[in-house]
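Examination of the molecular architecture
Residue strings, one per chain:
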Amino acid sequence: MQLRENQINGSTQLIVLIGNPVSHSMSPLMHNVAFKQLGLNYCYLCCQVFENQVEAAVNGLRALNIKGANVTVPHKQAVIPFLDEVDETANIIGSVNTIINKNGKLSGTNTDWIGATDSLEEHIPIHGKTIIVVGAGGSSRAIIYGIKKRGGKVIVLNRTLSKAEELGKLFQCDFGTLADIDNIQGDILINTTSVGMTPNHQQSIVTEKQLAKFQCVFDIVYNPLETQLLKLGKKLNLKVVPGLKMLIYQGAGAFKLWTGQQPDTELMYQTALNYLQKEQ
Ligand code: ATR
C-alpha cells in the first residue's frame, strides 16, 4: 500500500531491532527515511531485549506477526536456536543480523558481509586483491566471508593468535599476530577491532609507516566518523572507506529482504551522517 505521508495506520508493517543497548542505534533513522521515500507503509522501532528474554522476543515476532527484524549485540548468536531456519550465509558467519517473517516462518540471515563488501567496492574492486583483516571477532568473520565471496585473498591478523588461527582454518586463509603486519604485503587494510573508537580516538591499530604500503584503508569504527586510522590513510593519499558505509549497506541488504525494494542508500547515509555530525 502506497502512502503519501509516513502515516502509521492499521496496515502499517512493523520491523524491529532486537539488542541491548539499542538507544543509540541509527537503524530507525535510516530505515524510516527510506520507507517514507518509497511510500512504503512500514515502521522501524528499537526493542531493548535482555539476555533472558531472547526466546520470548523471537516468539513475540511470530505472535505479533512482525514482518522482520534486525538483531544486534549481544543477541546475534543467541537468536539462532529459536528461528525456524537459518541460511548458509548466517551459518558460516555464525550469527544472524536479519530475520524475515515468511508467513509465520522466521528465517535468519546475515547482511553484514554485504555491508563490508559494498562499502569497499565503492572505492576499489575486491577481486584479486590481498586484504589484511585486523581482528578476529564477529565482524571479522562476516567481512572475511564477504571478501572470499567476492574473490579477494585474506590474511587475518589478531592480538590473540588462536582466534586468528580459528578463522584462518575456517575460511582457508593465512593468519598471524599484529606484529606480522611488517612482514606481509597487501592492497587493502581493514580494521575490525574497536581500537580508535571514542573515547580512545587518538589510537590507531597500525602506525603511519605500517599503513603506507597499502592502497586502501577501511575502518569499521564510525564513532568518531573519521578515526585516527582514516586520518593517517588520508594523509598518505590512500583510498579511505568510512565505517558508516558498512552500517548503511548492511541495512540496505536487510531492507531489500523485508520489502523487495532497493532503498536510496545515499539518503540513508546522509541521514545517519547528519545525525552523527550533530552528536559527535
Ligand atoms: P565484534 O563482534 O564487534 O567483532 P569482538 O567479537 O569483541 O567484536 O572482537 C573484537 C576484536 O577486536 C578481537 O579480535 C579483539 O582481539 P582479541 O581476540 O585479542 O581480544 C580485537 N581487539 C579489541 N581491543 C583490541 C586492542 N586494544 N588491540 C588489539 N585488538 C583488539
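I will try to describe carefully the structure that is included in this document. (Residues numbered from 1 in each chain as written. Predicted model: local features only at pLDDT ≥ 70, side-chain atom pairs only at ≥ 80, totals over all residues. Heavy atoms only, no water.)

Here's the deal with the overall build of the chain
Counting its regular elements, the chain contains 10 helices and 12 strands. Scaling as 2.2 N^0.38, a compact globule of 280 residues should have a C-alpha radius of gyration of about 19 Å, and the chain matches this with 19 Å. Going through the 280 residues of the chain one by one, you find that 52% of them count as buried. Contacts in the chain between residues far apart in sequence, at least 24 positions, make up 65% of those at least 6 positions apart. Accessible surface, the chain as shown: approximately 13100 Å² in total, 49% of it carbon and sulfur. The averaged location of the 23 negative side-chain charges in the chain is 2 Å from the averaged location of its 25 positive side-chain charges. (Helix = DSSP H or I, 4+ residues; strand = E, 2+ residues; numbered from the N terminus. Rg over C-alpha atoms; globule rule 2.2 N^0.38 Å. Buried < 20%, exposed > 50% of the residue type's maximum accessible area, 1.4 Å probe, protein only. Contact = heavy atoms within 4.5 Å. Areas by Shrake-Rupley, 256 points an atom, 1.4 Å probe, with all protein chains shown as cover. Lys, Arg positive; Asp, Glu negative; His and termini not counted. Charge placed at Lys NZ, Arg CZ, Asp CG, Glu CD.)

A look at the pattern of salt bridges
All chains considered together, the criterion is met by 12 salt bridges. Among the salt bridges present, the one from Glu85 reaches Lys102, with a minimum N-O distance of 3.5 Å. Placement of the pair is Glu85 in strand β4 (residues 85-86) and Lys102 in strand β5 (residues 98-102), with a sequence separation of 17 residues. Residue classification places Glu85 among the partly exposed residues on the basis of a relative accessible area of 29%. Classification of Lys102 by relative accessible area gives partly exposed; the value is 43%. One salt bridge in this structure joins Glu165 and Lys169, with 2.9 Å as the shortest N-O distance. In this pair, Glu165 and Lys169 are both assigned in helix α6 (residues 161-171), four residues apart and thus about one turn of the helix distant. Look at Glu165 and you get partly exposed, because its relative accessible area is 27%. A cluster of three or more residues bridged by salt bridges with shared partners is formed by Glu85, Lys102 and Lys105. (Salt bridge = Lys/Arg side-chain N within 4 Å of Asp/Glu carboxyl O.)

Observations regarding the pairing of strand β11 (residues 216-219)
When a strand is regular, its side chains alternate between the sheet's two faces. The alternating pattern of β11 places Cys216 and Phe218 and Val217 and Asp219 on opposite faces, both of which are buried. Both strand β10 (residues 188-191) and β11 contribute to a ladder of four bridges, which runs parallel. Paired with Ile190 across the strands is Phe218, a residue of β11. Regarding topology, helix α8 (residues 228-235) serves as the crossover connection from β11 to the parallel strand β12 (residues 239-241), and that connection is right-handed. (Pairing = 2+ DSSP bridges. Right-handed = clockwise from strand over helix to strand, strands pointing away.)

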